[in-house]
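Structure assessment
Given next are the chains, with one letter for each unit.
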Amino acid sequence: MVLDLLLIALAITLDPLPVMAFVLVVASANGVWKGLVFILGWLACFVAVIALVLGLTGGQPPPPRSPPSTAALAAKLLIGVSLVVYGERRRRRRLAGARARTGGKGTAPAAGRDPAAGVSTPSTAREQTADMSSRMDRSTVWSAAGLAVLLQPWGMVAAGATTVVEADASHLATWLALFGFCLLATASLLAVELYVVFSPTRAKARLLRLRAWLDGHKEQALVTICLVLGFWLVGKSIFQLTA
């Protein structure tokens, strides 16, 4: 259980989409407070899911081969397959876009956008970032909390929930593993928040550059994360179902 939780938490914290959104949150007006509320909302989702699962299991893992145990493994297998399919579809779409860009169809792309791949050029990306930053400046701390809920990678969180089914709440090690899961899954956001708190003058420009870099590499990251985690969940589930 512990290894599964750590891998899932690592995949969540490396997901570039929440980090990219969180950078805009902390770079906005009153960004430190909005970032704090975002993190609290982010953590609240994990706590709620863990509490729900432990409430359903009574804090005791179901016996092996029992209907609840088999159902949890089947759900984990389904989530793993879904992640693999999603990652593969994004990979093929990215390859198709790359081939279209290099295919030489004889028409020049419109200013600011590559129509073959639907990818924004740097100038358009800067305009989009400025527009989103302006919207975030006008948002409230409660909007940041709602954004944290919306940006949760719920497929990965669901995979974590199927793993928490195996948790034995009578052992201290279980609580340490659950705490480590929540902490690791929030580590990237905490790092950004602490950077803004302790170095506010330099943080905004550097974090916006980080966001621009993530925007250019998010497809590779998402494909890798989904495929690696998906294959792990599929293999582990099949092994446990057939062992």
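This section reports on the structure supplied with the text.

Definitions and limits used
- Residues numbered from 1 in each chain as written.
- Predicted model: local features only at pLDDT ≥ 70, side-chain atom pairs only at ≥ 80, totals over all residues.
- Heavy atoms only, no water.
- Patch = residues over 30% accessible without salt bridge, like charges linked within 9 Å, V, L, I, M, F, W, Y side chains within 5 Å.
- Areas by Shrake-Rupley, 256 points an atom, 1.4 Å probe, with all protein chains shown as cover.
- Salt bridge = Lys/Arg side-chain N within 4 Å of Asp/Glu carboxyl O.
- Helix = DSSP H or I, 4+ residues; strand = E, 2+ residues; numbered from the N terminus.
- Core = buried A, V, L, I, M, F, W, Y, C linked by side-chain atoms within 4.5 Å.
- Buried < 20%, exposed > 50% of the residue type's maximum accessible area, 1.4 Å probe, protein only.
- Contact = heavy atoms within 4.5 Å.
- Lys, Arg positive; Asp, Glu negative; His and termini not counted.
- Axes fitted to C-alpha atoms, helices over the stretch in contact; angles between N-to-C directions.
- Nonpolar A, V, L, I, M, F, W, Y, C, P; charged D, E, K, R; others polar.

**Concerning a nonpolar patch on the surface**
On the surface, Val-32, Leu-194, Val-197 and Phe-198 cluster together into a nonpolar patch covering about 390 Å² of accessible area. Looking at the nonpolar patch element by element, the count peaks at three residues for helix H9 (residues 187-198).

**Concerning the nonpolar core**
Core analysis: the biggest nonpolar cluster contains 46 residues, and Ile-8, Ile-12, Phe-22, Phe-38, Phe-46, Val-164 and Phe-181 have the highest contact counts within it. Element by element, the count of residues in this core is highest for helix H3 (residues 31-57), at eight residues. Residues within four places of Phe-22 in sequence aside, it is in contact with Gly-35, Phe-38, Ile-39, Leu-189, Val-192 and Glu-193.

**Thoughts on unusual backbone geometry**
One non-glycine residue, Asn-30, lies in positive phi territory at about 55°. Tracing the backbone through its elements, the reader meets Asn-30 in the loop between helix H2 (16-26) and H3. Positive phi outside glycine occurs at Arg-65, with the angle close to 70°. The topology assignment puts Arg-65 in the loop between H3 and helix H4 (67-102).

**Here's the deal with the side chain of Glu-193**
Along the chain, Glu-193 turns up in helix H9. No salt bridge forms around the buried Glu-193; measuring N to O, its nearest opposite-charge neighbour Lys-34 is 12 Å away. Those residues in contact with Glu-193, other than ones at most four positions away along the chain, are Phe-22, Val-26, Gly-31, Val-32, Gly-35, Leu-36 and Ile-39.

**Concerning the packing of H2 against H3**
Between two packed helices, both the angle of their axes relative to each other and the distance between the axes serve to describe the pair. Interaxial distance between H2 and H3 falls to 7 Å at its minimum, and their mutual angle equals 145°. Residues Pro-18, Phe-22, Val-25 and Val-26 of H2 form the contact with H3, whose own contacting residues are Gly-31, Lys-34, Gly-35, Phe-38, Ile-39 and Trp-42. The residue inventory of the contact of H2 with H3, partitioned by class, reads seven nonpolar, two polar and one charged.

**Description of the pattern of salt bridges**
Tallied over the full model, the rule gives seven salt bridges. Between Lys-76 and Glu-166 there is a salt bridge whose closest N-O contact spans 3.5 Å. Here Lys-76 is found in helix H4, whereas its partner Glu-166 is found in the loop between helix H7 (154-164) and helix H8 (172-185), with 90 residues between them in sequence. The exposure class of Glu-166 is partly exposed, given its relative accessible area of 28%. A salt bridge links Arg-90 to Glu-219; its shortest N-O distance comes to 2.3 Å.

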